[in-house]
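Each chain, letter by letter, is given below.
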Amino acid sequence: MKKDIIARAKAVILPYTPLNADCGTVCGKACCKGDKETGMLLFPGEDTAFPVKEKNGSCLCVCDGKCNRSERPLSCIIFPFFPYMSEDGKIRARADIRGINICPLIAHKDEVIFSKIFLRRVARAGRILAKDEECRRFLWETSREIDALERFYK
Ligand code: SF4
Ligand code: SF4
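All of the points below concern the structure found in this document. (Residues numbered from 1 in each chain as written. Chains lettered and ligands numbered in written order. Predicted model: local features only at pLDDT ≥ 70, side-chain atom pairs only at ≥ 80, totals over all residues.)

Take the overall build of the protein next. A count of helices and strands for the protein gives six helices and five strands. Each helix (α) and strand (β) of the protein, taken in turn from the N terminus, gives the series α-α-β-β-β-α-β-β-α-α-α. Here the C-alpha atoms of the protein give a radius of gyration of 15 Å, agreeing with the 15 Å that 2.2 N^0.38 yields for 154 residues. Dimensions of the protein, computed from the C-alpha atoms along their principal axes, are close to 40 × 35 × 30 Å. Within the protein, residue pairs in contact and separated by at least 24 positions form 67% of the contacts whose partners lie at least 6 positions apart. (Helix = DSSP H or I, 4+ residues; strand = E, 2+ residues; numbered from the N terminus. Rg over C-alpha atoms; globule rule 2.2 N^0.38 Å. Contact = placed C-beta atoms within 7 Å.)

Okay, here's the thing in structure tokens:
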């Protein structure tokens, strides 16, 4: 059930990218440097073809900076956005402040014209994930983490 939900969430967003152009050309693909010390956070129950390491109770996918795009983790597909859940439970795409030191699109989010369909699909993926209790809790907790970091950066 959880695996189906993750697969459905991936399927709705997989064909889309944050810009209507390859954003990797502006930053030298900064989010795909294969940093073995960090990695991308996996969603609860998400399978990956990559090695996984645990950090502070979370599972991180560790890659070498190359992948088959259709098999990349959900966090990579939605980056640099997150299906943010507000305190009233509504879900929308929000620039993910956790990536501000990596992705120039986050620092310039107010000037960048993002793909509207990508943003809509990030939100839709979030609404699909929220049907699973554990994923919903993950969205909620991560959104509160984003709130706290936003306050820190203000
Ligand atoms: S770091 Fe940001 S701008 Fe660069 S490739 Fe990744 S998502 Fe695109
Ligand atoms: S899994 Fe793929 S998309 Fe994700 S960080 Fe690694 S190379 Fe980039």
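On we go from here.
The subject of this paragraph is the pairing of strand E5 (residues 91–95). Burial runs high along E5: four of the five residues are buried. Bridge count between strand E4 (residues 81–85) and E5: five bridges; the pairing is antiparallel. Directly across from Pro83, in E5, lies its bridge partner Ala93. What sits between the antiparallel neighbours E4 and E5 is a turn of five residues, in which Gly89 has the positive phi angle 90°. (Buried ≥ 20, exposed ≤ 12 C-beta atoms within 10 Å, placed from the backbone. Pairing = 2+ DSSP bridges.)

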